[in-house]
Amino acid sequence: DAKTTQPTSMDCAEGRAANLPCNHSTISGNEYVYWYRQIHSQGPQYIIHGLKNNETNEMASLIITEDRKSSTLILPHATLRDTAVYYCIVRVGDSSGSARQLTFGSGTQLTVLP
Amino acid sequence: AAGVIQSPRHLIKEKRETATLKCYPIPRHDTVYWYQQGPGQDPQFLISFYEKMQSDKGSIPDRFSAQQFSDYHSELNMSSLELGDSALYFCASSLTLAKNIQYFGAGTRLSVL
């Protein structure tokens, strides 16, 4: 899996968009970008993933740069319940024969402020 | 929608005792994973099972063992418990065709005294 770099922490005002960056300059062509989050002491939660096109679901949007060396997770209207550690994970696609486990590196502690 | 069920939610044991953690995956999910999260640390992969066979192995101590049963539930058995085993233990499940999208349970908090 490609190495990722994320800021250690970020703050965001409630109701504003939270933009969480992730650098993955060594990403390979067959690797996807996955985002998970972990609210304190709860199990990690899948958010979104993408290969090269921007993606949006009910939770968030994922913007991947054209060269795919970085991406941004966007929570459009952050709430206090979005306070969590956000993990950016780069992995080959599901159809590969790679090992199944997720590797959680150092994520970003997002604190949404009232 | 059904989620991953873990039991117990909390467990207190003494050193050198044994513990068994249980995990019931989402129905029709064929892959189960176990992760350990120590205080202030990120989740670390322990072991996984696909269709009741051990699939991958991470940093699981020899004192720990796990299995997946015919109904797909899984158990993590921990023996000769040490103080350092105190942690949150998460179980996750997925479809093998979507193994990068894992659904996690609420975890079992194990305290070894």
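The structure this text deals with has already been given above.
Starting from 1, residues in each chain are numbered consecutively following that chain's sequence as written. All chains are assigned letters beginning at A, and all ligands numbers beginning at 1, according to the order in which they are written. For a predicted model such as this one, the threshold for reporting local features is a pLDDT of at least 70, and the threshold for listing and counting side-chain atom pairs is 80 or more; totals across whole chains, interfaces and linings nevertheless cover every residue. Working from all heavy atoms in the structure, the side-chain values ignore hydrogens and water.

A. A look at unusual backbone geometry. Going from Ser7 of chain B to Pro8 of chain B, the amide bond is cis rather than trans, its omega being -10°. Helix numbering and strand numbering both begin at the N terminus, where a helix is a DSSP run of H or I of at least 4 residues and a strand a DSSP run of E of at least 2. Looking at the secondary structure, you find Pro8 of chain B in the loop between β1 (5-7) and β2 (10-13). Positive phi is not limited to glycine here, since Ser41 of chain A has a value of about 65°. On the secondary structure map, Ser41 of chain A appears in the loop between β3 (31-38) and β4 (45-50).

B. Structural context of the interface of chain B and chain A. Contact criterion: two residues are considered in contact whenever any of their non-hydrogen atoms come within 4.5 Å of each other. Listed as interface residues are 24 residues of chain B and, on the opposing side, 24 residues of chain A. Both faces considered, chain B and chain A share a buried interface measuring about 1900 Å² in area, 49% of it formed by carbon and sulfur atoms. Whenever a carboxyl oxygen of Asp or Glu lies within 4 Å of a side-chain nitrogen of Lys or Arg, that contact is scored as a salt bridge. Our count for the chain B to chain A interface comes out at zero salt bridges. Taken together, the elements giving at least two residues each to the side of chain B that touches chain A come down to β4 (31-37), β5 (44-50), β6 (53-57) and β9 (87-94) of chain B. No other element matches β4 of chain B, which puts four residues into the side of chain B that touches chain A. Along the lines of polarity and charge, the residues of the side of chain B that touches chain A split into twelve nonpolar, eight polar and four charged. Put simply, buried area is how much 1.4 Å-probe accessible surface two parts lose in total, over both of them, once they are put together. Ten residue types, Ala, Val, Leu, Ile, Met, Phe, Trp, Tyr, Cys and Pro, are classed as nonpolar, four, Asp, Glu, Lys and Arg, as charged, and the remainder, Gly among them, as polar.

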